[in-house]
Amino acid sequence: MSCDMEDPITSEVHARIRQAMMLGLTRQPLTVPLALQPLLSGLPEERAPALALLALAGQRQRFVPPLLPALDPVSETARRMHDDTRPVMPPVARRAMLRLAASVEKEHAGSVLAIAVRRAGEAGCRLHPFDLPGLARHIKTDAANPGLAERAYLSLVDTGSEEDEASQGPIFDRITPANWTTFPRSDRRTFVAGMRRTDAAGARALVESVWKTEQAPMRVALIESLAAGLSLDDKPFLERAATDRADSVKQKASQLLSSMPATEGFEARLAEAARCFTRPHGLARVIAAIGAGTGGSLTFALPDSIKTPAEALAARDRLFSGVPLDALASAAGAAPLEILAALPADPFYAMLFLTTALDAGQTECARRILGMGLLALGRAGLTSHALLQFSGTARLAMTAGHAGQFLASSAWADVVRAASEPSSPGALNDGGRLIFTAALMPREAMQSFVATLEPLGPGVTRAARDFAGFVLALPASNAPPDPTLNRSSNS
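Here is what the cut-offs are and how they apply
Residues numbered from 1 in each chain as written. Predicted model: local features only at pLDDT ≥ 70, side-chain atom pairs only at ≥ 80, totals over all residues. Heavy atoms only, no water. Helix = DSSP H or I, 4+ residues; strand = E, 2+ residues; numbered from the N terminus. Buried < 20%, exposed > 50% of the residue type's maximum accessible area, 1.4 Å probe, protein only. Contact = heavy atoms within 4.5 Å. 1 Å grid on protein atoms, 1.4 Å probe; cavity = no way out; pocket = protein on both sides within 12 Å on 5 of 7 lines; lining within 4 Å. Points joined across faces, edges and corners; volume = space filled by probe spheres on them. Nonpolar A, V, L, I, M, F, W, Y, C, P; charged D, E, K, R; others polar. pLDDT = per-residue confidence, 0-100. Salt bridge = Lys/Arg side-chain N within 4 Å of Asp/Glu carboxyl O.

S.K.: What am I meant to see in the side chain of Thr461 here?
M.R.: Structurally, Thr461 can be placed in helix 26 (residues 458-473). Classification of Thr461 as buried rests on a relative accessible area of 0%. Ignoring anything within four residues of it in the chain, the contact list for Thr461 reads Leu434, Leu453 and Leu456.

Given below as structure tokens:
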């Protein structure tokens, strides 16, 4: 046959020949293609065309490529995954993260791995593409943190859920005032909060420009973003927002109004909160001054009118929600650490100060509150619940100085001692105290943290050691400090 001759064995004929050969010629007679009948009709009867057709069908299957389904064009989002300029995390760090994912308990995996992903981002790395499928559900819990590659992947695997906001909207290299409305809610909130630190009026103007077209959840997020750089200039807009048709928006706007510095309401609330802290007077103060007693320490008590636990919870929120720790310490004439040490053994008090600092974009202040809060709470015993709240809310590491003080404290020694006693339940399951403490440690303190775990068995410390190994395997961050961060509070 000529090379340019039309193929006599079409795909349909080829399929019939194969089926006849597999079923047997007695069950399904073999049909010779019309184009081949002149060539095969002259064969003697003992040389039936079956073998010739079998050979031709085999050759065709060998040399004629099968028809492949049409490939969908590569989406722009998929292309953008490879536009992320951050380097993939080093192989040693990747292996350490995979070990951590295997060793951390399932009930803590969501929080711990989300913090690990954030640590990788802080070190200037992105996840390996092969690891994105297994870590996607953890990335979604920290929607404001992922970089371009992670956001692009989440967009590709969008489940269509309204709650899956990390995977909604186009993917851009950089969010700007020109495209910010196309980003997910968490990205928009973070963008406005960041812009507030350099151009508060411009950021507020962006919010006002889209206010009437946004749904209630987005309006709440935009109100929250105004906590950064809050000033009297925001009062007219917040007063209008406080009359919003949605209760959630009204409550958030009213909360910001009550937290606005230099207003009569805020100053009155700050003064009332400061009166909850007192020092001894008279002889007790003199004795404390010469070191012969403990009466000089700051004490805390809610107003005498508070009688029931429900009233105490309401007073806690009313007096301390939205109040910066520095401002309260100044009003009470005390150091921030004294304020936290005097508070009841309730982590929610310190959490209020921590949330206020995070909402205002004061990352360094939040790091100090983490360390001071843990040092203060240590006197009542470090619970896994408190450590989970601190690490899960902030997803930051405390300062190196506070980490050193914490690791040398009696409270941490008690945690290690409880986990080292064979008869103690903590020897088998510490409730997450070790792994969440590891999540709060800065890179500078990781080796010291691991050294404190030496008395413990490998089973209870495995996840904590794996987290420490992961952080130490990441490149050291050489990013200069952000000059807009608040560094005025005392530690």
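S.K.: Can you walk me through empty space enclosed by the protein in this structure?
M.R.: A water-sized probe, rolled over the atoms, reveals where empty space remains. Following the criterion strictly, the structure yields 2 cavities of 30 Å³ or more and no others. Lining the largest cavity are Leu340, Leu343, Pro344, Asp346, Tyr349, Ala350, Gly373, Ala376, Leu377 and Arg379. Sort the elements by how many residues they give to the lining of the largest cavity and helix 20 (residues 363-377) lands first, with 3 residues. Grouping the constituent residues of the lining of the largest cavity by class yields 7 nonpolar, 1 polar and 2 charged.

S.K.: Help me understand the layout of surface pockets, please; the structure alone is not making it clear to me.
M.R.: Of the volumes computed, that of the second largest pocket is approximately 560 Å³. Contributing to the lining of the second largest pocket are 26 residues, with Ala227, Gly322, Pro324, Thr356 and Ala360 lying nearest its centre. Elements with a minimum of two residues in the lining of the second largest pocket: helix 13 (247-258), helix 17 (325-332) and helix 19 (347-359). Of the residues forming the lining of the second largest pocket, the biggest block, 4 residues, is contributed by helix 19.

S.K.: Could you clarify how one ought to interpret the confidence of the model for the protein chain in this entry?
M.R.: For any part of a model where pLDDT is low, the fine detail of the predicted coordinates should not be relied upon. Residues of the protein chain with pLDDT of at least 70 account for 81%, and the chain-wide mean is 80. Looking at the elements of the protein chain, mean pLDDT is at its lowest for helix 15 (residues 283-289), recorded as 42, and at its highest for helix 25 (residues 446-452), recorded as 95. Contacts from residues 479-491, a stretch scored under 50 in pLDDT, to residues over four places away or in other chains number 25 contacts.

S.K.: Explain the pattern of salt bridges to me, please; I cannot follow it from the model alone.
M.R.: Oppositely charged side chains may form a pair once their charged atoms are brought near each other. One pass over the structure, following the stated rule, counts 18 salt bridges. The partner of Arg189 in a salt bridge is Glu224, with the nearest N and O atoms 2.9 Å apart. Separated by 35 residues along the polypeptide, Arg189 in helix 9 (residues 185-196) and Glu224 in helix 11 (residues 216-225) bring together distant segments of the chain. A residue is classified by how much of its surface remains accessible, and Arg189, at 23% relative accessible area, is partly exposed. Residue Glu224 pairs with Lys252 through a salt bridge whose shortest N-O separation is 3.8 Å. Taken as a pair, Glu224 in helix 11 and Lys252 in helix 13 lie far apart in primary sequence, 28 residues in all. Sharing partners across several salt bridges, the network here consists of Arg189, Glu224, Lys252 and Asp359.

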